[in-house]
Amino acid sequence: MQELKNAIMNRGKAINQDVLLVDSFLNHQVDVELMKHVGEAFAEHFKGRGFTRVVTIESSGIAPASFTALALGVPLVIMKKQTSKIMTGDLLHTTVRSFTKGTSYELTAKHEFLPEKENILLIDDFLASGEAAVGVINLAKQAGCNVGGIGIVIEKAFQTGHAKLTKMGYEVYSLARIKSMSENHIEFL
Ligand code: G4P
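First things first, this report covers the structure right here in the doc. (Residues numbered from 1 in each chain as written. Predicted model: local features only at pLDDT ≥ 70, side-chain atom pairs only at ≥ 80, totals over all residues. Heavy atoms only, no water.)

Further remarks concern the pairing of strand β8 (residues 146-156). Across the eleven residues of β8, nine count as buried, placing the element largely inside the fold. Pairing of strand β7 (residues 119-127) with β8, which is carried by eight bridges, proceeds in the parallel orientation. Each residue of the ladder has a partner; that of Phe 126, found in β8, is Ile 154. At this point the chain moves from β7, through helix α4 (residues 131-143), to the parallel β8, and the crossover so formed is right-handed. Relative to strand β9 (residues 172-182), β8 is paired through six bridges, and the arrangement is parallel. Paired with Ile 154 across the strands is Ala 176, a residue of β9. (Buried < 20%, exposed > 50% of the residue type's maximum accessible area, 1.4 Å probe, protein only. Helix = DSSP H or I, 4+ residues; strand = E, 2+ residues; numbered from the N terminus. Pairing = 2+ DSSP bridges. Right-handed = clockwise from strand over helix to strand, strands pointing away.)

This next bit is on the nonpolar core. If you look at the biggest cluster of nonpolar residues, it comprises 30 residues, and the most contacted ones within it are Leu 4, Ile 8, Leu 20, Phe 25 and Ile 154. Among the secondary structure elements, those contributing two or more residues to this core are α1 (2-11), α2 (32-46), α3 (62-72), β7, β8, β9 and β10 (185-188). At six residues, α2 tops the list of elements feeding residues into this core. Sequence-distant contacts of Leu 4, defined by excluding residues within four places in its chain, comprise Phe 25, Leu 34, Val 153, Leu 175 and Ala 176. By size, the runner-up hydrophobic cluster in this structure holds 28 residues, among which are Ile 120, Val 136, Ile 137 and Leu 165. (Core = buried A, V, L, I, M, F, W, Y, C linked by side-chain atoms within 4.5 Å. Contact = heavy atoms within 4.5 Å.)

This brings us to the site of the ligand. Lining the immediate environment of the ligand, one finds 21 residues, of which Leu 20, Lys 81, Thr 100, Ser 129 and Gly 130 sit closest. At a separation of 3.4 Å, a nitrogen atom of the ligand approaches a polar side-chain atom of Asn 27. In this structure, an oxygen atom belonging to the ligand sits 2.7 Å away from a side-chain N or O atom of Ser 59. Out of a free accessible area of 710 Å², the ligand has 87% covered by protein chains. Breaking the shell around the ligand down by element, the ones donating at least two residues are β7 and α4. Split into classes, the residues belonging to the shell around the ligand amount to seven nonpolar, seven polar and seven charged. (Near = heavy atom within 4 Å. Polar contact = N/O pair within 3.5 Å; in protein donor to acceptor, adjacent residues only side chain to side chain. Areas by Shrake-Rupley, 256 points an atom, 1.4 Å probe, with all protein chains shown as cover. Nonpolar A, V, L, I, M, F, W, Y, C, P; charged D, E, K, R; others polar.)

On to the pairing of β9, then. Of the pairings in the sheet, the one linking β9 to β10 comprises four bridges and is antiparallel in character. Pairing of Ser 182 across the sheet is with His 185, part of β10. The hairpin formed by β9 and β10 contains two residues between the paired strands, and Asn 184 there has a positive phi angle of roughly 65°.

With 15 residues, α2 ought to run about 21 Å at 1.5 Å a step, and its terminal C-alpha atoms sit 21 Å apart, in line with that. Listed in full, the buried residues belonging to α2 are Leu 34, Met 35, Val 38, Gly 39, Ala 41, Phe 42, Ala 43 and Phe 46. At the N-terminal boundary of α2, the capping side chain belongs to Asp 31, with an oxygen 3.2 Å from the backbone nitrogen of Glu 33. Just downstream of α2, Gly 48 is the residue with a positive phi angle, here 75°. (Expected span 1.5 Å × (residues − 1).)

Inspection of the entire model under this criterion finds nine salt bridges. Measuring nitrogen to oxygen at the nearest pair gives 2.9 Å for the salt bridge that ties Arg 11 to Asp 31. Taken together, the positions of Arg 11 in helix α1 and Asp 31 in the loop between β2 (20-21) and α2 put the pair 20 residues apart, joining distant regions of the chain. Take Arg 11: its relative accessible area is 38%, and that puts it in the partly exposed class. (Salt bridge = Lys/Arg side-chain N within 4 Å of Asp/Glu carboxyl O.)

The structure is reproduced here in structure tokens:
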């Protein structure tokens, strides 16, 4: 998606070989017009495939996932990284390890928002090693749902996530695929 690539080139910043700063348009300040176009691009790609829910993980996936759900006309379900006292009922849990952050968190969702046999489109902001996506796949399996596709805004193609998910049999569609980065240099696939 050229508009997204332009935003990455002009407003993003590669801090080093591994981390891209996109807080001016994606995960701190949000360019909602760009996110609307991102949602429309995902909807165009995944339309007609019977998706009944868009699912994302809090917090940075929420903006692109919201516009995707709006464009597809289906509900959005946000997987939580923290459980709270008011989150009760039939809960689904799985542990996700973040390689970028070196931490683990408990991914949680209410079963009532992921009823059995839903066809889920997973949308997330970044794909690195794919652990967050695997966490969503695990929760979907617990719920008896199918993950029918994965849409990623920015894929770091030099990391292992894409190959891992493809090998597991999932389609990964990324709007921008970064081949390599270094300070002040970004190359797309
Ligand atoms: P993985 O799920 O693909 O294995 O990725 P990993 O654990 O390595 O990283 C997950 C977290 O790190 C996500 O944020 C993701 O958005 C963020 N992340 C990964 N690579 C980059 C990067 O190059 N730039 C930026 N800005 N973020 C990156 P999170 O922990 O889910 O937090 P949140 O921002 O969604 O709240």
